[in-house]
Structures are given as structure tokens and as C-alpha cells.
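Structural description and commentary
The chain contents come next:
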Amino acid sequence: MTGAHQTGDRDRPSGGDGLAVALTDVLGRLPAGAVLQLVDAAEPDGDRYVQLWQDPAALRVEVGAAAPADPARGLPAVDPAVLAGIGWQPPGPAHPAHWWAELAWPAPAAGYQRLAYRLVDTIRDAFGLAIPAGLGYRAWRAGAGPLDLPELGLAPVRTQYWARLADGDPVDRPAGLLRRTRVGAVTTDEAFGRDGRWHPTRTVEYAERGELLDDLVPLDEPAAGRLVAQWRDRAAATADGTAGDGTADGGVRVASTAEVRRDPGGRPVLPEHRLPPGERAAVAGYLRDAPIVLAGFGYDPDPYDPEQAEVVPLHLHTDGVWVWSESLAYFAERYGLPPEPDFLAHLRRQGHRCPEVDEAALRRAEAALRR
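Criteria and cut-off values
Residues numbered from 1 in each chain as written. Predicted model: local features only at pLDDT ≥ 70, side-chain atom pairs only at ≥ 80, totals over all residues. Heavy atoms only, no water. Helix = DSSP H or I, 4+ residues; strand = E, 2+ residues; numbered from the N terminus. Buried < 20%, exposed > 50% of the residue type's maximum accessible area, 1.4 Å probe, protein only. Contact = heavy atoms within 4.5 Å. Areas by Shrake-Rupley, 256 points an atom, 1.4 Å probe, with all protein chains shown as cover. Lys, Arg positive; Asp, Glu negative; His and termini not counted. Charge placed at Lys NZ, Arg CZ, Asp CG, Glu CD. Arc of directions from axis to C-beta. Phe/Tyr/Trp six-rings, centres within 6.5 Å; stacked < 30°, edge-to-face > 60°. Axes fitted to C-alpha atoms, helices over the stretch in contact; angles between N-to-C directions. Parallel < 35°, antiparallel > 145°, perpendicular 65-115°, else oblique. Left-handed = near helix turned anticlockwise from the far one by under 90°. Nonpolar A, V, L, I, M, F, W, Y, C, P; charged D, E, K, R; others polar. Core = buried A, V, L, I, M, F, W, Y, C linked by side-chain atoms within 4.5 Å. Polar contact = N/O pair within 3.5 Å; in protein donor to acceptor, adjacent residues only side chain to side chain.

It is worth spelling out the overall build of the protein at this point. Scanning the protein for helices and strands turns up 9 helices and 17 strands. With the C-alpha coordinates of the protein rotated into their principal frame, the extents come out at 80 × 45 × 35 Å. Burial statistics for the protein: of 371 residues in total, 46% are counted as buried. Summarising the internal contacts of the protein: among those between residues at least 6 apart in sequence, 64% fall at separations of at least 24. Total accessible area on the protein is roughly 18300 Å²; 52% of this is exposed by carbon and sulfur atoms. Each charge class in the protein can be summarised by its mean position, and for the 39 positive and 53 negative side chains these summaries are 1 Å apart.

Okay, structure coming up:
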């Protein structure tokens with residue numbers, strides 16, 4: 001095995017016997033093009049994982065090494081010295097982000113056995129995970145779909161995806177993206193956020209109870225993957241799009257998002273200054289109905305009502321003079337929170353009626369977000 005290290009090659013394992021025996025058998029039978037991932041059951045997309053793939057020349061293995069300590073779960077940070085002692089090769093040009101090893105194919109049974117023990121040692125000693133309760137697995141074959149490996153004695157990772165659709169949203173341009181991941185008895189619901197990462201959510205629970213106004217439409221994994229890739233690209237392109245206020249090229253101003261003030265105990269406190277009750281609907285309508293410059297993805301939680309589903313919209317709108325987040329419309333309508341003074345004065349001068357916005361104005365507004 002390329003990358004073999006004497007301290008990591010053992011004739012007998014010190015623990016995880018059942019998994020080691022099962023892995024020895026499974027690794028010897030993986031077909032070409034197969035991929036196997038062993039993951040943290042509590043965080044299947046986290047950094048505690050090993051992944052193996054079988055190509056025509058070798059069985060190749062990579063080990064995630066970026067996981068920090070998790071005091072709440074009693075897990076250590078992944079220690080490179082431990083990985084080296086187990087026998088993995090350090091990151092290099094071919095594996096810049098992973099520790100690794102390769103087993104030439106075909107291999108003798110003893111080679112698969114040593115690799116299986118090394119995997120068990122890594123999961124237990126480097127990751128600090130319980131075997132088998134702390135593990136789940138994913139397996140598939142390129143072009144042929146998932147592989148079921150019940151002989152591993154591990155729970156498979158199963159993921160469902162949904163597009164969150166408000167009125168008029170097409171499935172390929174949803175307002176949000178949700179997923180539910182099951183690993184044995186552990187279920188995790190997450191929403192894709194505007195930062196390009198997945199975050200815990202209760203939105204699926206609310207939908208199941210009939211408490212969500214939007215529709216959740218099932219998506220297959222390839223469709224969800226395309227949306228994730230598109231939205232991550234957009235997040236990177238507009239990372240500074242709504243920060244601060246000021247005047248951009250062409251005179252377009254970017255409005256500040258609502259500032260949440262907190263008391264000494266960390267609880268959000270609504271400001272005393274509010275919109276007059278009779279003006280709330282007019283301000284919210286202007287802010288919500290103006291043309292969209294960039295469609296937002298996902299929703300933010302309401303900081304004043306964190307127990308409900310994520311409901312704060314994130315589309316970016318313009319009237320040709322200002323650019324703002326639709327979150328301002330939500331806070332104006334629900335709580336009477338006004339936009340910043342200059343922006344509110346502008347709305348009042350307009351009589352709360354948005355002017356026509358031509359293509360040139362939309363381009364200037366988009367440039368203001370990308371400056």
C-alpha cells in the first residue's frame with residue numbers, strides 16, 4: 001500500500017472488530033467506479049469522514065482532517081500527529097486537502113484487512129466517534145446510482161430535498177432550498193442560507209403541520225445540486241452587496257439592512273421609533289413590489305420571533321435611486337420598523353408609489369451591489 005506506515009499496520013485490531021471484518025469483505029468486492037464514504041452520523045456533511053473510491057488501478061482513500069474540537073460532543077480536534085501515527089500520508093499535490101493512502105488493485109486479502117483496521121483506528125482515535133453508533137455511510141457507483149451495503153452494519157445516509165415555492169415561483173427558481181438528512185434514528189433538517197452554507201431549520205416541521213404558507217416541492221439530488229452550485233456562485237459574487245449604505249456609481253444608494261438591538265441578556269429588543277400604523281402597509285408595499293435586481297435564495301429567521309419557520313425574504317429590489325433587501329418590507333409590515341431616515345424620506349417624497357424602472361436603471365443598481 002502506498003503510504004503504509006509500520007505503526008498503522010496491525011495484525012489484530014484493538015476495537016471495532018465487527019466493522020473491521022465487514023470492511024475487509026466490502027473493500028475486496030468494490031466494483032470499479034464505486035465510492036464509499038464513512039461519515040459522522042450526527043454531521044454527515046462535516047469534516048470527520050473517510051472516502052474511498054475504486055478505480056481500475058487502485059483503491060484510493062482520503063481522510064478529512066479539518067474538523068475542530070467539538071466540546072459539546074466531547075470530540076477532539078483531528079490531530080495530524082495521530083493521522084501520521086495511524087499510517088496516512090500527509091497532504092500533497094495530488095491530495096492537497098486530505099491525508100491519504102492507495103492500495104494497488106488487485107490486492108491480497110491481507111491488504112484489505114490492514115486498510116480496514118486503519119480506517120477503524122482513524123474513526124475511533126482521530127475522530128473520536130463511537131463504532132458503530134457514531135457512523136453512517138454513503139455509497140454509490142458512478143453512472144449506476146446508490147450502493148446498498150447492509151453488511152457494514154451502519155446506517156445509510158438518506159437525504160431528501162425540497163424547493164420552497166412562494167406564489168408564482170418556478171421550481172427551478174425557488175425562494176428557498178431545504179433538505180432532511182436521516183442517519184438511522186438521527187434526523188437533521190436544514191435550509192440553504194444566503195452565505196452558501198446549510199443551517200438548521202424547523203421549516204420542514206412547520207410544513208408537515210400545515211403551518212407554512214409556501215409550498216415544498218420534492219427535488220431529486222441532481223436538481224438540488226444544481227441550485228446549490230448556482231446559489232453559491234451568486235453568494236460569492238454578491239458577498240458585499242448589502243453591506244452598509246452610501247452612494248454608488250450613477251447615484252444609486254444601497255440601503256442598510258435592519259439593525260437588531262439586544263438587551264444585556266442577549267434578547268432582541270424592538271426599537272421605540274416605529275412607523276405610524278397607517279403608513280406601514282404603504283411602506284411595505286413599496287419595498288416589496290419594486291422591481292427585483294437580484295433574486296435572493298432562502299429566507300432568514302425572524303430575530304424577534306426565532307421559534308417560527310424562516311420567513312424573512314432576501315430578494316434585492318430597486319426604484320432606480322435606492323437598492324434594498326426585501327427584509328426591510330417584512331420588518332416594516334410586521335413590526336412597523338422604518339428604513340433608514342434618508343430612504344424613508346425618499347419614499348414619502350415619492351408618495352409611496354414606485355416609479356417606472358428601465359433596463360439601464362436596473363443595470364446601475366446591479367453594479368451598485370457588485371462594487
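Let's shift gears to helix α8 (residues 341-349). All of the buried residues in α8 are F343, L344, H346 and L347. Viewed end-on, α8 has its buried residues packed into an arc of 155°, placing them on one side of the element. Seen from the buried face of α8, the exposed residues on the opposite side, beyond 90 degrees, are P341 and R349. Looking at the buried positions of α8, the neighbouring elements they touch are α6 (280-289), β17 (322-325) and α7 (327-335). Once α8 finishes, G351 follows within two positions and takes phi at roughly 70°, a positive value.

What follows concerns the packing of aromatic side chains. In the structure shown here, the tally under the stated rule is 10 aromatic pairs. Judged by centre distance (4.7 Å) and plane angle (20°), the ring pair of W322 and F343 falls under stacked. In this pair, W322 sits in strand β17 while F343 sits in helix α8, placing the two residues 21 residues apart along the sequence. Of the two residues, W322 and F343, neither departs from the other in class, the shared state being buried. Aromatic side chains W324 and F343 sit 5.0 Å apart centroid to centroid with 45° between the ring planes, which places their arrangement in the tilted category. In this pair, W324 sits in strand β17 while F343 sits in helix α8, placing the two residues 19 residues apart along the sequence. Judged on exposure class, the residue W324 and its partner F343 are both buried.

Packing of helix α1 (residues 17-29) against helix α3 (residues 109-126) leaves a shortest axis separation of 8 Å and a crossing angle of 130°. It follows from the interaxial angle that α1 and α3 lie oblique. By crossing handedness, the relation of α1 to α3 is classed as right-handed. Facing α1, whose interface residues are L19, A20, L23, T24, L27 and G28, α3 presents A109, Y112, Q113, L115, A116, Y117, L119, V120 and I123. Broken down by class, the residue content of the contact of α1 with α3 amounts to 12 nonpolar, 3 polar and no charged.

For the rest of this paragraph, the subject is the nonpolar core. Nonpolar side chains in soluble globular proteins tend to be buried together. If you look at the biggest cluster of nonpolar residues, it comprises 41 residues, and the most contacted ones within it are L23, L27, L36, W88, L115, L119 and L152. Residue assignment for this core shows that the elements contributing at least two residues are α1, β1 (34-40), β2 (49-54), β3 (58-63), α2 (80-86), β4 (99-104), α3 and β5 (135-141). Beyond its immediate chain neighbours, meaning those up to four positions away, L23 contacts L36, L38, A116, L119, V120 and L152. Of all hydrophobic cores here, the second largest spans 15 residues; its members include L275, W322, A329 and A332.

Turning next to unusual backbone geometry. That bond from W105 to P106 is cis: its omega, -5°, falls within 30 degrees of zero. Across the junction of I131 and P132, the peptide omega takes the value 5°, indicating a cis bond. Mapped onto the elements, P132 comes out in the loop between α3 and β5. With phi around 60°, H352 is a residue other than glycine that occupies positive phi space. Relative to the helices and strands, H352 is located in the loop between α8 and α9 (359-370). H352 gets classed as partly exposed once you look at its relative accessible area, which sits at 24%.

For E190, the position within the fold is in strand β9 (residues 186-192). Engagement of the side chain of E190 in a polar contact is seen with the side chain of R179, the distance being 2.7 Å. Look past the residues within four positions of E190 in its chain and what remains in contact with it is L177, L178, R179, T181, W198, H199, P200 and T201.

The next subject is α7. Burial runs high along α7: 7 of the 9 residues are buried. When α7 is considered as a whole, its buried residues turn out to be S327, L328, A329, Y330, F331, A332 and Y335. On its buried face, α7 is in contact with α6, β17 and α8. Phi turns positive one or two residues past the end of α7, at G336, with a value near 75°.

On to the packing of α6 against α8. One can describe the packing of α6 onto α8 by two numbers: an axis separation of 11 Å at closest approach and a directional angle of 95°. As the angle between them shows, α6 and α8 are arranged roughly perpendicular. When α6 is examined against α8, the residues V283, Y286 and L287 are found in contact with a partner set consisting of F343, L344, H346 and L347. Residues that form the contact of α6 with α8 fall into these classes: 6 nonpolar, 1 polar and no charged.

Any functional reading would require information beyond the geometric quantities listed.
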